[in-house]
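The residues making up each chain are set out below.
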Amino acid sequence: MAYHHILVAVDLSPESQLLVHKAVALARAWESELFLIHVDINYTEIYSSLVEAEFRREQEAIAQETQQNLNILVDKAGYPIREIINGKGDLVQALDEAIHQYGIDLVVCGHHQDFWNTLRSPARQLIHRLHVDMLIVPLREEDEEFSGMSLF
């Protein structure tokens, strides 16, 4: 089975480069279109309007840094990225919307193998709620080959 539209979910941890590298290998083999998505939580909805203006400036700075890190991933991919998708809010909902909008047939995402993800794994939520094939890549701190960037 060949996949035509591959979506890579990155959190901008150093291991994101590993995810892109694996997705690029698959995209090359199948001559697929490749998409990147980063989902950011919008914290301004949580805080009152008293601190909203200051917090908004901070969010804008974070958004610029996020875009720079996404551009680094794209530059290092060595394969054309059709679209960079910046999602906000719930990870599963943002992925589901992208899947439907772009006709995604494979999602590549990582699973950090640490204590906190043992208790509450985002990967488990994806498995239960998304209706496309997924490649879930185990991410360990030992994956030093792709670290060095402040990047999922």
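Taking an unreviewed UniProt entry as the reference, the protein is identified by name as Universal stress protein belonging to Franconibacter pulveris. The UniProt entry for the protein carries this comment under Subunit (unreviewed entry): "Homodimer." Taken directly from UniProt, the Function (unreviewed entry) text for the protein runs: "Required for resistance to DNA-damaging agents."

Engineer: Can you break down unusual backbone geometry residue by residue, with the values?
Structural biologist: At L12, a residue that is not glycine, the phi angle is positive and equals roughly 70°. For L12, a relative accessible area of 8% corresponds to the buried category. With a phi close to 55°, E31 is a non-glycine residue in the positive phi region. Checked against the element boundaries, E31 lands in the loop between α1 (16–30) and β2 (33–40). The exposure class assigned to E31 is exposed, which follows from its relative accessible area of 72%.

Engineer: Can you lay out α1 for me, pointing to particular residues and giving the numbers?
Structural biologist: The first and last C-alpha atoms of α1 sit 21 Å apart over 15 residues, in line with the 21 Å expected at 1.5 Å per residue. Within the sequence span of α1, burial applies to S16, Q17, L18, L19, V20, A23, V24 and A27.

Reading the values: the criteria
- Residues numbered from 1 in each chain as written.
- Predicted model: local features only at pLDDT ≥ 70, side-chain atom pairs only at ≥ 80, totals over all residues.
- Heavy atoms only, no water.
- UniProt positions renumbered as here; feature names shortened; annotations may be inferred.
- Buried < 20%, exposed > 50% of the residue type's maximum accessible area, 1.4 Å probe, protein only.
- Helix = DSSP H or I, 4+ residues; strand = E, 2+ residues; numbered from the N terminus.
- Expected span 1.5 Å × (residues − 1).

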